[in-house]
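Letter by letter, the chains look like this.
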Amino acid sequence: MSERADLVVVGAGIVGLATARAVLAARPGAKVIILDKEGSVAGHQTGRNSGVIHAGVYYKPGSEKARFCTTGRQAMVEFCKDNGVAYEICGKVVVATSPDELGALSDLEKRCQDNNVPIERIDGARLRELEPYAAGISALHVKVTGIADYPGVCTVMVRQLLKAGAELRLSTAVQSGTDRSEGMVIHTDGGDIIADRVVSCAGLQSDRVARAISGPDGAGGMQIVPFRGEYFELAPSKTHLVRALIYPVPDARFPFLGVHLTKGVNGHVHAGPNAVLALAREGYSWRERNYTDLRETLMFPGFQKLARKYWKYGASEMARSLSRARFARALQKLVPAVQERDLEPAAAGVRAQALNADGSLVDDFAFVQRGRALHVINAPSPAATASLEIGKAIAARLELV
Ligand SMILES: Cc1cc2nc3c(=O)[nH]c(=O)nc-3n(C[C@H](O)[C@H](O)[C@H](O)COP(=O)(O)OP(=O)(O)OC[C@H]3O[C@@H](n4cnc5c(N)ncnc54)[C@H](O)[C@@H]3O)c2cc1C
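The shown structure was predicted, so the numbers you read here are calculated from the model rather than taken from an experiment.

Trainee: Go over the site of the ligand, please, and point to the residues and values.
Mentor: Around the ligand lies a shell of 36 residues, among which Asp36, Thr46, Asn49, Ala379 and Thr385 are the nearest. Between a nitrogen atom of the ligand and a main-chain N or O atom of lysine 37, the distance comes to 3.1 Å. Between proline 380 and the ligand, the recorded distance is 3.4 Å, taken from a backbone N or O atom to an oxygen atom. Within the complex, 97% of the 1000 Å² of free accessible area of the ligand lies under protein.

Trainee: How would you sum up helix 8 (residues 301-322)? Please name residues and give values.
Mentor: Taking 1.5 Å of rise per residue, 22 residues should cover 32 Å, yet helix 8 covers just 27 Å from first to last C-alpha, more than 12% shy of that figure. At tyrosine 310, helix 8 shows its largest kink, close to 80°. Summarising the contacts, the buried residues of helix 8 are in contact with strand 13 (223-234), strand 17 (276-277), helix 7 (291-299), helix 9 (324-334) and strand 18 (343-355).

Trainee: Tell me what's going on with the sheet that holds strand 3 (residues 52-53), and back it up with residues and numbers.
Mentor: Ordered by their spatial adjacency, three strands build an open sheet running 3-8-4, and the pairing between neighbours is antiparallel. Looking at the sheet topology across the chains shown, the edges are occupied by strand 3 and strand 4 (87-88). Judged from the two bridges that link them, strand 4 and strand 8 (residues 146-148) form a sheet pairing that is antiparallel. In the sheet register, tyrosine 87 faces strand 8, and the bridge partner there is alanine 148.

Trainee: Tell me about unusual backbone geometry, and name the residues and values.
Mentor: A cis amide bond links glycine 272 with the next residue in sequence, proline 273, at an omega value of -5°. By the element assignment, proline 273 lies in the loop between strand 16 (269-272) and strand 17. Residues other than glycine seldom take positive phi values, yet alanine 42 does so here, at roughly 60°. Even without a glycine there, the phi angle at asparagine 116 is positive, about 55°.

Trainee: Explain the pairing of strand 15 (residues 260-263) residue by residue, including any values.
Mentor: Residues His260 and Thr262 point to one face of strand 15 and Leu261 and Lys263 to the other, with burial holding for every one of them. Alignment of strand 14 (residues 245-248) against strand 15, held across two bridges, turns out to be antiparallel. Counted as the bridge partner of isoleucine 246 is leucine 261 from strand 15. Two elements, strand 15 and strand 16, share four bridges in a ladder whose sense is antiparallel. Note on strand 16: the bridge partner recorded for threonine 262 is histidine 270. A loop of five residues connects strand 15 with strand 16, the two strands running antiparallel in sequence, and glycine 267 in this loop sits at a positive phi of about 90°.

Trainee: I'd love a proper account of the side chain of aspartate 207, names of residues and values included.
Mentor: As for its position among the elements, aspartate 207 is in helix 6 (residues 206-214). At 3.1 Å, the side chain of aspartate 207 forms a polar contact with the backbone nitrogen of isoleucine 224. Discounting residues that sit within four places of it in the chain, aspartate 207 has contacts with Ala219, Met222, Gln223, Ile224, Arg281 and Ile377.

Cut-offs and rules
Residues numbered from 1 in each chain as written. Predicted model: local features only at pLDDT ≥ 70, side-chain atom pairs only at ≥ 80, totals over all residues. Heavy atoms only, no water. Near = heavy atom within 4 Å. Polar contact = N/O pair within 3.5 Å; in protein donor to acceptor, adjacent residues only side chain to side chain. Areas by Shrake-Rupley, 256 points an atom, 1.4 Å probe, with all protein chains shown as cover. Helix = DSSP H or I, 4+ residues; strand = E, 2+ residues; numbered from the N terminus. Expected span 1.5 Å × (residues − 1). Bend = angle between axes of the 7 residues up to and from the residue. Contact = heavy atoms within 4.5 Å. Pairing = 2+ DSSP bridges. Buried < 20%, exposed > 50% of the residue type's maximum accessible area, 1.4 Å probe, protein only.

So, to be careful, I would describe these as geometric facts and stop short of saying anything about function.
Have a look at this one:
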């Protein structure tokens with residue numbers, strides 16, 4: 001006899017944990033089992049990101065990213081405040097360093113207005129009051145942006161979930177699913193579970209897990225392409241160069257924000273991330289390669305189309321990955337005093353970016369529902385910021401609230 005559950009959540013990253021939390025808040029006493037293949041929670045994207053509580057500057061008005069980020073940001077701040085998790089609303093500046101970036105900065109300003117994100121357009125002199133070492137002729141000052149300890153958020157969520165009766169099974173990989181009249185059977189390497197509902201929040205493996213559970217169409221035709229984001233840390237003697245968060249004007253064609261400088265809740269200053277194709281879905285350096293992952297990426301028609309269109313961008317990101325001097329030059333545009341010798345290597349993260357077969361990057365959060373299962377296929381930044389809101393939305397879609 002297999003074990004029964006009301007809900008199985010696949011993935012103990014911040015989205016999976018927030019989903020379990022939303023369901024248990026609405027249905028106290030429900031039997032919720034959370035599974036993760038790793039030996040700890042937040043082992044992938046959630047534990048390897050920039051730690052920023054985003055304000056909602058960049059997202060298309062009306063998109064789920066825009067909506068969930070605004071409400072999710074406030075919920076995340078409340079959560080941190082209520083539970084003693086380290087956070088700070090330190091604000092950020094998005095900086096135009098040359099006249100040819102002013103148009104894009106104005107577009108971003110307009111987008112903030114459309115998204116109801118309070119910002120102030122400032123000149124170079126005001127920028128230097130906020131960030132004395134920043135270069136720039138004009139900037140947006142986003143006061144409501146902050147930083148948070150997301151792994152710390154997950155630790156608290158786990159404590160609350162266990163208290164509410166949820167079970168967390170680590171080192172348990174989901175292998176497949178079988179839809180039966182009595183429920184969805186989730187086959188794991190630790191045995192089977194029959195669930196009334198299943199939510200998969202598997203990050204870098206989201207498309208594979210969705211297909212394994214719900215069949216070839218489980219991921220709605222999307223495929224994950226892993227983009228590694230590499231970071232450096234400013235040497236301790238140089239952290240005074242950055243007071244809060246300094247971002248460039250992003251290239252609107254891509255979902256990446258450009259290398260930026262961010263102060264963490266521990267006072268360290270991170271520089272990055274860039275965006276290079278990872279040679280393994282969970283490949284945190286050039287040395288980590290997985291030929292199955294790589295073949296799958298290269299054979300995907302969507303990736304081939306993307307690569308043909310943007311090979312120049314990809315090549316320049318790769319060159320910057322291989323040369324600390326180039327990385328330093330990108331940072332010097334924002335803060336000229338940063339020197340190559342000030343950069344110390346730091347842990348990288350890998351973004352799970354969903355791609356359509358036509359080569360378009362999936363911009364918004366993407367969910368695919370198949371019977372009793374709901375699969376989160378695309379949950380890139382700002383999904384950590386918005387996680388509490390995403391969790392609530394998933395619970396509502398599953399009619400579990
Ligand atoms: C470099 C980088 C910088 C970022 N910066 C920010 C930021 O500043 N602010 C922000 O809001 N967002 C940021 N993000 C995005 C944010 O980190 C992610 O959107 C968020 O963490 C996604 O959470 P998740 O739970 O969906 O995925 P993950 O945290 O990746 O969790 C997925 C989990 O699923 C598990 N899993 C996978 N396959 C299986 C299986 N078969 N069986 C069981 N378990 C499985 C994995 O082990 C993993 O623990 C950044 C991301 C990256 C990579």
